[in-house]
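Per-entry structural report
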Amino acid sequence: MMSNDFEKAFSNFLERREYDEASSALFAMVRIAFLAGWKAAGGEPPSPQKLFELIRCGAGDPKLIKPQEDP
């Protein structure tokens, strides 16, 4: 009986925003520590990468949209 309560409570915790934030923070700390060790061992730091791209809602690809001509 107690196990079912634990599993339900743990499942509810995993679905919360606080868990996502804690998980992201832990991942960031592990990555920073790994990078420090990587650099200390003589490795080259990774090149910067685009984390995300903002896209306007309802807008198409700006490279594909041609300007409208006046009639």
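The sections below set out a description of the structure shown in this document. Predicted, not measured: the structure shown is a model, and the values here were computed from it.

The rules behind these values
- Residues numbered from 1 in each chain as written.
- Predicted model: local features only at pLDDT ≥ 70, side-chain atom pairs only at ≥ 80, totals over all residues.
- Heavy atoms only, no water.
- Helix = DSSP H or I, 4+ residues; strand = E, 2+ residues; numbered from the N terminus.
- Buried < 20%, exposed > 50% of the residue type's maximum accessible area, 1.4 Å probe, protein only.
- Areas by Shrake-Rupley, 256 points an atom, 1.4 Å probe, with all protein chains shown as cover.
- Salt bridge = Lys/Arg side-chain N within 4 Å of Asp/Glu carboxyl O.
- Expected span 1.5 Å × (residues − 1).
- Patch = residues over 30% accessible without salt bridge, like charges linked within 9 Å, V, L, I, M, F, W, Y side chains within 5 Å.

When helices and strands are counted, the protein shows two helices and zero strands. Split into buried and exposed, the 71 residues of the protein put 0% on the buried side. As displayed, the protein offers around 7,500 Å² of accessible surface, 61% of which is attributable to carbon and sulfur atoms.

Attention now moves to the pattern of salt bridges. Across all of its chains, the model carries two salt bridges by this definition. Glu18 is the salt-bridge partner of Arg16, the closest N and O atoms lying 3.2 Å from each other. For Arg16, a relative accessible area of 46% translates into the label partly exposed. Judged by its relative accessible area of 36%, Glu18 is partly exposed. Across the pair Arg17 and Glu21 runs a salt bridge whose closest N-O atoms are separated by 2.7 Å. One end of the pair is Arg17 and the other is Glu21, both in helix H2 (residues 17-40) and four residues apart, which spans about a single turn.

Moving on: H2. Look at H2: 35 Å from first C-alpha to last across 24 residues, which is about the 34 Å you get at 1.5 Å a residue. Directly after H2, the chain includes Gly42, whose backbone phi takes a positive value near 95 degrees.

Turning next to a nonpolar patch on the surface. Taken together, Phe6, Phe10, Phe13 and Leu14 make up a surface patch of nonpolar side chains, about 370 Å² in accessible area. Leu14 gets classed as partly exposed once you look at its relative accessible area, which sits at 34%.

Any functional reading would require information that these geometric values do not contain.
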